[in-house]
Amino acid sequence: MSIKRIDVGSRMSGAVIHGNTVYLAGQVGEGESVTDQCKSSLAEVDRLLAASGSSKSKILQTIIYLSDIAYFAEMNAVWESWIDPANPPARATSEAKLAAPKYKVEFIVTAAID
């Protein structure tokens, strides 16, 4: 099977396709609030999935890191309005230190491709 990389940078690719699966790099967003960062991050997830030939209805798993678990309800409000309600993925959420103090949320997505 071949491997295709999307948005290749010096440190990482935005997405990697292997077989019928796409693996997205962790996505962090811009903005001051958790809501703004979630919306920004998930818009980038949408863009990378589309560039990979997939969509949020084909997400298999999402791992979500929050810089403070107190953000859980605010993140969930954005998440629940974004996901495809007919196809919710497997998901795990935990608290972690993120790459920079300004980041409050990070999404790591794995999805299927037709």
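Residues numbered from 1 in each chain as written. Predicted model: local features only at pLDDT ≥ 70, side-chain atom pairs only at ≥ 80, totals over all residues. Heavy atoms only, no water.

Caption draft 1: Main features of the side chain of Asn76. Summarising the element assignment, Asn76 is placed in helix H2 (residues 72-82). When its relative accessible area of 11% is taken as the criterion, Asn76 is described as buried. A distance of 2.8 Å separates a polar atom in the side chain of Asn76 from a polar atom in the side chain of Arg91. (Helix = DSSP H or I, 4+ residues; strand = E, 2+ residues; numbered from the N terminus. Buried < 20%, exposed > 50% of the residue type's maximum accessible area, 1.4 Å probe, protein only. Polar contact = N/O pair within 3.5 Å; in protein donor to acceptor, adjacent residues only side chain to side chain.)

Caption draft 2: Structural view of the environment of Ile59. Examined against the element boundaries, Ile59 turns out to sit in strand E5 (residues 59-66). Sequence spacing of Ile59 and Pro89 is 30 residues, and the spatial spacing of their C-alpha atoms is 5.6 Å. When neighbours within four sequence positions are excluded, Ile59 is seen to be in contact with Leu49, Trp82, Pro89, Val109, Thr110 and Ala111. (Contact = heavy atoms within 4.5 Å.)

Caption draft 3: Seen up close, the environment of Ala15. Structurally, the position occupied by Ala15 is in strand E2 (residues 13-18). For Ala15, a relative accessible area of 0% corresponds to the buried category. A sequence separation of 54 residues divides Ala15 from Ile69, and the C-alpha atoms of the two residues are 27 Å apart. Excluding anything up to four places from it in sequence, Ala15 contacts Lys4, Arg5, Ile6, Val22, Tyr23, Leu24, Leu48 and Ser52.

Caption draft 4: View of the pattern of salt bridges. The final tally for this structure, using the stated rule, is four salt bridges. Close ionic contact of Arg47 with Asp7 constitutes a salt bridge, the shortest N to O distance being 2.3 Å. One end of the pair, Arg47, is in helix H1 (residues 34-51); the other, Asp7, is in strand E1 (residues 3-8), and 40 residues separate them in sequence. For Lys58, the salt bridge identified is with Asp114, shortest N-O distance 2.7 Å. Placement of Lys58 in the loop between H1 and E5 and of Asp114 in the segment after strand E7 (105-112) is noted, with a sequence separation of 56 residues between them. A residue is classified by how much of its surface remains accessible, and Lys58, at 22% relative accessible area, is partly exposed. We classify Asp114 as exposed; its relative accessible area is 77%. (Salt bridge = Lys/Arg side-chain N within 4 Å of Asp/Glu carboxyl O.)

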